Number of protein chains: 4
Amino acid sequence: MIASGTLLARYEDVRRATAMLAEPLSDEDCCAQSMTDASPVKWHLAHTTWFFETFVLEPYEPGFRPFHPAFRVLFNSYYNGIGEQYPRSRRGLITRPGMDKVWDYRNDVDARIESLIVICASQPGSQTREIERLIELGLQHEQQHQELILTDVQHLLWLNPLRPAYHDDSALLELQSRYLEPAPLHWLTFQGGITEIGNGGTGFCFDNELPRHRQYLEPYALASRLVTNAEYMAFIDAGGYQDPALWLSEGWAWLHSDNQAVQHPMYWEKRDGTWHEFTLYGMVPLAPERPALHLSYYEADAYARWAQARLPTEAEWEHAAMSATCEQPDARPADAVAIDQLYDSGWQWTSSSYSPYPGFNAQPGALGEYNGKFMVNQYVLRGGSCVTPPGHTRATYRNFFPAHARWQYAGLRLARSMQADARL
Amino acid sequence: MIASGTLLARYEDVRRATAMLAEPLSDEDCCAQSMTDASPVKWHLAHTTWFFETFVLEPYEPGFRPFHPAFRVLFNSYYNGIGEQYPRSRRGLITRPGMDKVWDYRNDVDARIESLIVICASQPGSQTREIERLIELGLQHEQQHQELILTDVQHLLWLNPLRPAYHDDSALLELQSRYLEPAPLHWLTFQGGITEIGNGGTGFCFDNELPRHRQYLEPYALASRLVTNAEYMAFIDAGGYQDPALWLSEGWAWLHSDNQAVQHPMYWEKRDGTWHEFTLYGMVPLAPERPALHLSYYEADAYARWAQARLPTEAEWEHAAMSATCEQPDARPADAVAIDQLYDSGWQWTSSSYSPYPGFNAQPGALGEYNGKFMVNQYVLRGGSCVTPPGHTRATYRNFFPAHARWQYAGLRLARSMQADARL
Amino acid sequence: MIASGTLLARYEDVRRATAMLAEPLSDEDCCAQSMTDASPVKWHLAHTTWFFETFVLEPYEPGFRPFHPAFRVLFNSYYNGIGEQYPRSRRGLITRPGMDKVWDYRNDVDARIESLIVICASQPGSQTREIERLIELGLQHEQQHQELILTDVQHLLWLNPLRPAYHDDSALLELQSRYLEPAPLHWLTFQGGITEIGNGGTGFCFDNELPRHRQYLEPYALASRLVTNAEYMAFIDAGGYQDPALWLSEGWAWLHSDNQAVQHPMYWEKRDGTWHEFTLYGMVPLAPERPALHLSYYEADAYARWAQARLPTEAEWEHAAMSATCEQPDARPADAVAIDQLYDSGWQWTSSSYSPYPGFNAQPGALGEYNGKFMVNQYVLRGGSCVTPPGHTRATYRNFFPAHARWQYAGLRLARSMQADARL
Amino acid sequence: MIASGTLLARYEDVRRATAMLAEPLSDEDCCAQSMTDASPVKWHLAHTTWFFETFVLEPYEPGFRPFHPAFRVLFNSYYNGIGEQYPRSRRGLITRPGMDKVWDYRNDVDARIESLIVICASQPGSQTREIERLIELGLQHEQQHQELILTDVQHLLWLNPLRPAYHDDSALLELQSRYLEPAPLHWLTFQGGITEIGNGGTGFCFDNELPRHRQYLEPYALASRLVTNAEYMAFIDAGGYQDPALWLSEGWAWLHSDNQAVQHPMYWEKRDGTWHEFTLYGMVPLAPERPALHLSYYEADAYARWAQARLPTEAEWEHAAMSATCEQPDARPADAVAIDQLYDSGWQWTSSSYSPYPGFNAQPGALGEYNGKFMVNQYVLRGGSCVTPPGHTRATYRNFFPAHARWQYAGLRLARSMQADARL
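Keep in mind the model is a prediction, meaning the values are calculated, not measured. (Residues numbered from 1 in each chain as written. Chains lettered and ligands numbered in written order. Predicted model: local features only at pLDDT ≥ 70, side-chain atom pairs only at ≥ 80, totals over all residues. Heavy atoms only, no water.)

> Hey, could you go over helix α10 (residues 297–306) of chain D for me, with residue numbers and the actual values?
A turn of α-helix holds 3.6 residues, and therefore any two residues three or four places apart point the same way. Residue and element names in this part refer to chain D. The buried count for α10 comes to eight of 10 residues, which makes it a mostly enclosed element. For α10, the complete set of buried residues consists of Y297, Y298, E299, A300, D301, A302, Y303 and A304. In this structure, the buried residues of α10 make contact with α8 (229–237), α9 (249–255), β8 (347–353) and β9 (379–382). After α10 finishes, the residue Q308 shows a positive phi value of roughly 50°. (Buried < 20%, exposed > 50% of the residue type's maximum accessible area, 1.4 Å probe, protein only. Helix = DSSP H or I, 4+ residues; strand = E, 2+ residues; numbered from the N terminus. Contact = heavy atoms within 4.5 Å.)

Right under this line is the structure:
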């Protein structure tokens, strides 16, 4: 049992953080959907609430009655176990309920969840543990949507020819200051062997991080930081987007599909000969030292090939990240360096297809649909990004997107295979 | 020259009427776009304003400066002569400018147009006449968009599973009362011969109504009123949607295209065995005596074939409508009856493809794009509907839509060919 | 009753002519389908045979048994009244039956039809007249497919990068000689008034040419010949494909749709700075004096607008063509000139949507599907082309295709509206 | 150096085997393309020849001249390093060159390759070794296309409503006799641990089988044979295609996409209440004891989930297959059984995404495009099928297709995870 005060405070914190993300936005901003892959902010606000209502209140609140019967369908993302879903591509058409009604929905569910937390505190037992587990899952789920709120609204604003900013730029300087001194790139080497990956801790983790299991790794090296915008510009200038030898066959087709002619990362735009980038702070000159982001898997893979490197596997990434956490016991001691930009700069594409770990079992019931049913034709991203809620991610965390997805904060960290015992 | 007071009052009336249409709607309702063919209410509000700014203020206001430079592209519907256009399919993503800004835009342009009207009043001459002509065109244009605001918002609300009403239903009873006593159907006969169609009056008309010209009509008969819901239900019950012999080949393909299986008019829905219809007042039981509306050309054509009749040509329709106006000199005198539901019930599909009248000249400049460039693969609708602004339409008015369009208030009036001098 | 000898000879002639069209082709050439709008030669050979089998033998041959039961579906083009149809887009996959079997099919049906013709000769009466009418319809139908065989195989060979010729080029010089002396363009003027169009003769005509009826025509002028390649090149050189003001809105969209960027007529290709054209004789230098062909309606319309003219209506075209036939009674006698290139050079787009004549009745039964069900969103072409079988077409003949169709031999003859009694 | 006699004989054998596959087919059968994923037989015949011409003759034949310059583009499948490619979706339109010309092409290249082999025999050295390596690669490549010829022609014939057989059925009974006594299913258990996979032998292998490397396997069990048609029918009867809980999210969407409603394996068809299956021998009653084939990855995965099992990884499969070859040292000794249907019954979907082995290097030049560039969004199939050329496949062989592919002979072998040291 989690101390009720702790869980209550955490619940309030996370829920408040979500609400704060909507503050700079108008009701219109919150309602629009820029593409099927993205959802309106209002939908995110309601769906995360629906999650608590459906998976916590419905089974455990005495005398449960739904806030609004239609919401069961309207804000169900993809849980067939719960029932039908309103079509994803039409989420931007839900002008009713309006924002005010969605805030009511959030407040109502918040009050009821908070009551339940208080009741639980006085009734220890297995049911209380299950309720608390589900509430924690709901909070983790909400944090995932916090990141999506930002990525989705950025995509919406980018499609607006006025290129409006989500935020005014005062915060921008602060954020960018993190990157003022670009770290020089080091190659960190790992001898591999039998390693363990997957979550073996006692804290929260998603089912897709389980079970912890062994993997054999051949010796490899990993870059100490992400590929920068300056480095990616060199790839562009070298004709990287014009050379089919650098691209996966499917990537080359994607580059030229549907009237698009991809020539640069998604949010880049040349103005008066200078690269700019559309950010949550509006259109700003591209910062050369910052990590190159908003890349598809295809672009990350092509860049790596051009750089005579490759993407890491997720096992390599996790092993290295755990080593960093554990002060890198198997890195070369002489020039042991920290691994930079693991969790706070950009998600990092791995070459690993998203698939179940050996022994994986989805949880029973509709919540078993949370992760497992997406394990095909998606690629794992590791780490975290500057829009990931602090504390949400970890070394064993498995993010995943299809290879063409670009509106996420996805970059890359280079890897190389090594001869056993060799040095770079 | 129009009396300044008159034009000023008319300008204010029309503009105010548009604004009133947005009153029952939230900002979210106004921003969303339900399909490419429809536009957001906000876009309609801005585009009609853009029309006055672009075609009146820009050439004639001394020291003209645009309200916002980006609006030139953002709210340009399709005038290549003015420049680029923001993609039509993305109008629902224009969350900025927000509604408040669009109201500012309307107010600003209103003030400037009103000033211009006042100035004009004191400066008679050819420029004043041209300005007044353009303002009148803008007002007629605005009235067209008033109707589109209602049809477009109805489509949006229909796609919402909550089926929200645009209006509360108190007005509904009043509106429906018009139809309480369905008129019995009469066939009105016309001997045809050399007739004239096209606008020959002195009031406003669109360029596509010109020039007035002769057409030879063979004898024909026209139904005294529109096909009713009850009649259309009989067509459905008789298997009309299942019999390919009743359908144009393209219509039959359309019935089965893209996962749709059309089985009834667009807004119809069977609930507990009873037909209901989605209206601006929400979902209501289908009124059997009201005209069947929201039909595609294909459906109207198939119904007519089933009823051993056909759609009228636009010349037949106009000739009959003018006869009605002129007290029907060539109808059978014994049971001469008025033609009902000409302008206030539903647009009436004709079998006439939308094409230029003999001698048609589009006006010069970008305004020449208003009508002429759409004269292919569209069909003419005549009359007017219950959502057409009063006074906007007339016997020579040519509305037009592609054959598959169903979200408009489009129904049908049957016609038949006759032997010369014969009677039905 | 047609004299049996005459009908028999005609049947044999037409059927033999079809077979001869396949002579230069391999079985592979005959089997492939280049696009959904076109059909394989083998399919044409079988479908025209199916037409006789289904509409003549099945009802009238004593003890009728089908040649092969599956052919009823396989070679049914679009007659729902007969039953199901094999999907049009997959006609190129019918490798079985093979060509030898299709020749067997033709021979078998030919023998049976010929027997029937002989029997009919000895049994005058209404049934014989009906059989003979249907056989004549089948032959007219077959001639339509003779033209399609050539247009469809040309399209197929054009998509082959080897650009193989259908014929060797010895015949080419002969064919081209027709055009060695381009006629100077005259404008022929017509005063219009009440005219009659539609077939009023005693020979064969299709149901869509009926009934003959009156139309009022305003005064107009028609070009004495088709627009030439040289004239069309001038349109291209003047930037015609780049100026939206010249195009219908739908045409402008079509120009840029689906990765195509239309810049010239379909079979044109610039080689070493010189325009060439793909023909049935292979790729040849473009002949400036020949009519510009393989134009879409959109291109024909844009050219006409650029030339400060327009497309004729089908009534204008027919009236003028009949006048020519009748030695132009209502043309100005002083400079009466012949109308060139009416039937043997290229089909001529008209501005008339394909729709039923006043009083049109489709024939009963499945044959009623021959023409009537296509009367929407297609445009009428008049005249005939160099690949139309001699004698097949006439002044009242109505060919029709959708506005985007370009693989037909479709060009244009300019028209202009005139003031009554005015001269150009 | 391979003995010239041996290589020559092998070359002739393989090439002759390809030609024999075309024997039951007409030129029309050989020319048609049933879908973009499949190629015409003629194209396979020419492309395999192009492979020898391009990769062997062009660099190594003294005074090389191409058989036909256009073939370089026409029969290049996907090698950007060689140059442009004729569009894949139009391969069925290449009616010229005709089949006779393609046979000439094969004969010409065969004679030249055979000369080169004889010359090589007298000139040992590194160049000879390289030539022989490339010829062997060409032969392996040709064998891959032998299988594709059969799968592609089967798909073509299936789309023909006559359902014609590729072969007469005399051979069928013989083929089916292999399956008369279905083997009872055993679970074979493997303790895992550090294993090695990848090709470590001296015989031919593809680059994607290299390098041999270590993988750690958790304990697992593998079914002794493939899932049978009878078992798969039980899945269908249990509502497997209707239960979303059994399907990957993408698989569920695929089931319902594009007007298809997948309800059974691709070539199954119920006739008079009995399942039949379309085979190379035509439509035959479904044999319950034969392996269920022509499954997509989605279907294989859903079946496995329903059977409370899963798909094996490719490492598990290979480890087990090698164990079988090595007399299964780590299977339970008491009831040690052979693994059935490894290579001759049906390809077996694994859960492994097709990705490079650690240390993989594509070969330099255009041949590096052979495998590497497809390593995204495809899944590995292991084993071999009844249409795989004998001797072509092996335990380390990696076949791969996208998850929706069904026209291949793809079935599944179940796997399960085990507790260490536990027994099923």
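> I'd like to hear about the sheet that holds strand β7 (residues 282–285) of chain B, residue by residue, with values.
Residues and elements named next belong to chain B. The strand order β5-β6-β7 describes an open sheet built from three strands, whose pairing is antiparallel. Each having just a single partner strand, β5 (268–271) and β7 make up the two edges of the open sheet. Neighbour-to-neighbour, the strand axes of this sheet turn through a mean angle of 40°, independent of strand direction. Relative to β7, strand β6 (residues 274–279) runs antiparallel, the two being bridged by four bridges. (Pairing = 2+ DSSP bridges. Axes fitted to C-alpha atoms, helices over the stretch in contact; angles between N-to-C directions.)

> Describe the interface of chain B and chain C, and please don't skip the residues or the numbers.
Counting residues at the interface gives 27 residues for chain B, matched by 26 residues for chain C. Overall, the association of chain B and chain C removes approximately 2400 Å² of surface from exposure, summing both partners, and the carbon and sulfur fraction of that is 54%. Inspection of the region where chain B meets chain C yields two salt bridges. With a closest N to O distance of 3.4 Å, B:E218 and C:R214 form a salt bridge. Viewed at the interface, chain C and chain B are joined by 14 residue pairs in polar contact (both at pLDDT 80 or more). Residue assignment for the side of chain B that touches chain C shows that the elements contributing at least two residues are β3 (213–217), α9 (249–255) and α10 (297–306) of chain B. At four residues, the largest contribution of residues to the side of chain B that touches chain C is made by β3(B). Across the side of chain B that touches chain C, the residue classes break down as 14 nonpolar, nine polar and four charged. (Buried area = accessible area lost by both parts, 1.4 Å probe. Salt bridge = Lys/Arg side-chain N within 4 Å of Asp/Glu carboxyl O. Polar contact = N/O pair within 3.5 Å; in protein donor to acceptor, adjacent residues only side chain to side chain. Nonpolar A, V, L, I, M, F, W, Y, C, P; charged D, E, K, R; others polar.)

> Could you give an account of the relation of the copies chain B and chain A, naming the residues involved and the relevant values?
When chain B is fitted onto chain A, the two copies agree to an RMSD of 0.0 Å after a turn of 180° and an axial shift of 0.0 Å. Here the two chains are linked by the operation of a two-fold rotation axis. Taking the C-alpha atom as reference, chain B places B:E28 closest to the rotation axis, 2.5 Å from it. Interface residue correspondence from chain B to chain A reaches 100%, placing this contact among same-surface, isologous pairings. (Least-squares fit on C-alpha atoms with pLDDT ≥ 70 in both.)

> So what's going on with the domain arrangement of chain A? Residues and values would help.
Residue and element names in this part refer to chain A. Looking at chain A, the domain boundaries give domain 1 (4–163) and domain 2 (171–229 + 260–420). Using only C-alpha atoms to locate each centre, domain 1 and domain 2 end up separated by 27 Å. Counting the surface domain 1 buries against domain 2, the share from its top three residues, E147, Q154 and R163, is 25%. Our count for the contact surface shared by domain 1 and domain 2 stands at one salt bridge. E269 serves as the salt-bridge partner of R163, at 3.1 Å between the closest nitrogen and oxygen. Our count for the domain 1 to domain 2 interface comes out at 18 residue pairs in polar contact (both at pLDDT 80 or more). Among the elements that take part in the side of domain 1 that touches domain 2, helix α6 (residues 126–159) stands out by supplying 19 residues, more than any other. Looking at the side of domain 1 that touches domain 2 residue by residue, the classes come out as 14 nonpolar, 10 polar and six charged. (Domains from an automatic or database assignment.)

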